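Observations on the model geometry
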Amino acid sequence: MARQERAIRTRRAVVEAAAAVFAERGYTAATIAEILERAGVTKGALYFHFDSKEALARGVINAQISDDYWVPRELKLQEWVDIGMTLAHRIPKEVILLAGIRLSADIQGRSLFGSAWPAWTELVTDKLVEAKERGEVLPHVTPRETAECFLGAWIGTQFMSEVVSDWTDLNDRISVLYNHVLPAIATPAALIRLDTAPDRGARVVEEAERRRLESPVPTEA
């Protein structure tokens, strides 16, 4: 068990170090030597988890999508809103998310290590399918088309926020994005119940962290 926990910590340290270097320098300029120095691990430890720089980039991209801050809601549309708003809150603070954005936007690099966009499209599509099955989404809406349209708008919004304000207004911009999209797809009964306030992400993150603290820690029998 101790060895397994040590391996998990090592992998996490490597991913975070790689994310920091990718976020600062981009994929092409990043070097394994600098990632090793940032992570404070041996070359053997790094290559045990990732056999190439491409694999490291994929590891950073895959680490973006986790359920750490997802809280079940009565409305599946609110779960979708919460995912987007928590991301908006976390992006300026978390290097893995910043690196994932830069890697996903790397036109040449994407052919080597892919991007996070397909996974986000699938996640949003699944939420919209569930919401439609529950009567929260208008009958004419096609979940995948909406997911792809929203992702395109999201990418443009996040880049505008980065350029204009260095991410400081991202919460407000994503709130505005949801407020423009939701009336076109949500039923009136669902729409009036949705919380899309700019501080929604911060509140959901706080709630998720409180739930983790309150959850009992499993013990061995």
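Predicted model, so just to flag it, every value in this text is computed and none were measured.

Along the backbone of the chain there are 12 helices and 0 strands. Start at the N end of the chain and walk to the C end: the helices and strands fall as α-α-α-α-α-α-α-α-α-α-α-α. The globule rule puts the C-alpha radius of gyration for 221 residues at 17 Å, and the 19 Å found for the chain is close to it. Summarising its shape, the C-alpha atoms of the chain cover approximately 55 × 50 × 30 Å along the three principal directions. Taking all 221 residues of the chain together, 47% fall into the buried category. Of the roughly 11900 Å² of accessible surface on the chain, 54% is carried by carbon and sulfur atoms.

This brings us to the UniProt feature "DNA-binding region" (unreviewed entry) in the chain. The feature "DNA-binding region" (unreviewed entry), as given by UniProt, occupies residues 31-50 in the numbering adopted here. Annotation note: span residues 31-50, helix share 75%, strand share 0%, distance between end C-alpha atoms 14 Å.

Attention now goes to the pattern of salt bridges. Scanning the entire structure with this criterion turns up 19 salt bridges. A salt bridge links arginine 73 to glutamate 207, with the nearest nitrogen and oxygen atoms 2.7 Å apart. Placement of arginine 73 in the loop between helix H4 (53-63) and helix H5 (76-90) and of glutamate 207 in helix H12 (residues 200-214) is noted, with a sequence separation of 134 residues between them. Through salt bridges with shared partners, one network takes in Arg73, Asp82, Asp195, Asp199, Arg200, Arg203, Glu207 and Arg211.

A full pass over the atoms with the stated rule returns 5 aromatic pairs. Over the aromatic face of tyrosine 27 sits the side chain of lysine 53, whose NZ or CZ is 4.5 Å from the ring centroid.

Here the UniProt feature "domain: HTH tetR-type" (unreviewed entry) sits at residues 8-68. Helix makes up 79% of residues 8-68 and strand 0%. Its end C-alpha atoms lie 16 Å apart.

Counting residues in hydrophobic clusters, the biggest one holds 60 residues, and the most contacted among them are Phe22, Leu56, Leu77, Trp80 and Trp154. Among the elements of the structure, helix H1 (2-29), helix H2 (32-39), H4, H5, helix H6 (95-104), helix H8 (117-133), helix H9 (143-165) and helix H10 (170-185) are those that each provide at least two residues to this core. Looking at which element gives the most residues to this core, the answer is H1, with 8 residues. In this structure leucine 77 touches Leu128, Ala131, Glu136, Val137, Leu182, Ala186, Ala190 and Leu194, once residues within four positions along its chain are discounted. Of all hydrophobic cores here, the second largest spans 5 residues; its members include Val71, Val204, Val205 and Ala208.

This part takes up the packing of H5 against H12. Between H5 and H12, the least distance of the axes is 7 Å, while the angle of their chain directions is 95°. Classified by the angle between their axes, H5 and H12 sit roughly perpendicular to one another. Contacts between H5 and H12 involve Gln78, Asp82, Met85, Thr86, His89 and Arg90 from the former and Arg200, Gly201, Ala202, Val204 and Val205 from the latter. Looking at the contact of H5 with H12 residue by residue, the classes come out as 4 nonpolar, 4 polar and 3 charged.

To continue, consider the side chain of threonine 121. Tracing the backbone through its elements, the reader meets threonine 121 in helix H8. Ignoring anything within four residues of it in the chain, the contact list for threonine 121 reads Arg144, Ala147, Glu148 and Leu151.

To continue, consider the environment of arginine 73. In the structure, arginine 73 is positioned 93 residues away from aspartate 166 in sequence and 31 Å away in space, judged by C-alpha atoms. Engagement of the side chain of arginine 73 in a polar contact is seen with the side chain of glutamate 207, the distance being 2.7 Å.

Cut-offs and rules
Residues numbered from 1 in each chain as written. Predicted model: local features only at pLDDT ≥ 70, side-chain atom pairs only at ≥ 80, totals over all residues. Heavy atoms only, no water. Helix = DSSP H or I, 4+ residues; strand = E, 2+ residues; numbered from the N terminus. Rg over C-alpha atoms; globule rule 2.2 N^0.38 Å. Buried < 20%, exposed > 50% of the residue type's maximum accessible area, 1.4 Å probe, protein only. Areas by Shrake-Rupley, 256 points an atom, 1.4 Å probe, with all protein chains shown as cover. UniProt positions renumbered as here; feature names shortened; annotations may be inferred. Salt bridge = Lys/Arg side-chain N within 4 Å of Asp/Glu carboxyl O. Phe/Tyr/Trp six-rings, centres within 6.5 Å; stacked < 30°, edge-to-face > 60°. Lys NZ or Arg CZ within 6 Å of the ring centre and 35° of its normal. Core = buried A, V, L, I, M, F, W, Y, C linked by side-chain atoms within 4.5 Å. Contact = heavy atoms within 4.5 Å. Axes fitted to C-alpha atoms, helices over the stretch in contact; angles between N-to-C directions. Parallel < 35°, antiparallel > 145°, perpendicular 65-115°, else oblique. Nonpolar A, V, L, I, M, F, W, Y, C, P; charged D, E, K, R; others polar. Polar contact = N/O pair within 3.5 Å; in protein donor to acceptor, adjacent residues only side chain to side chain.

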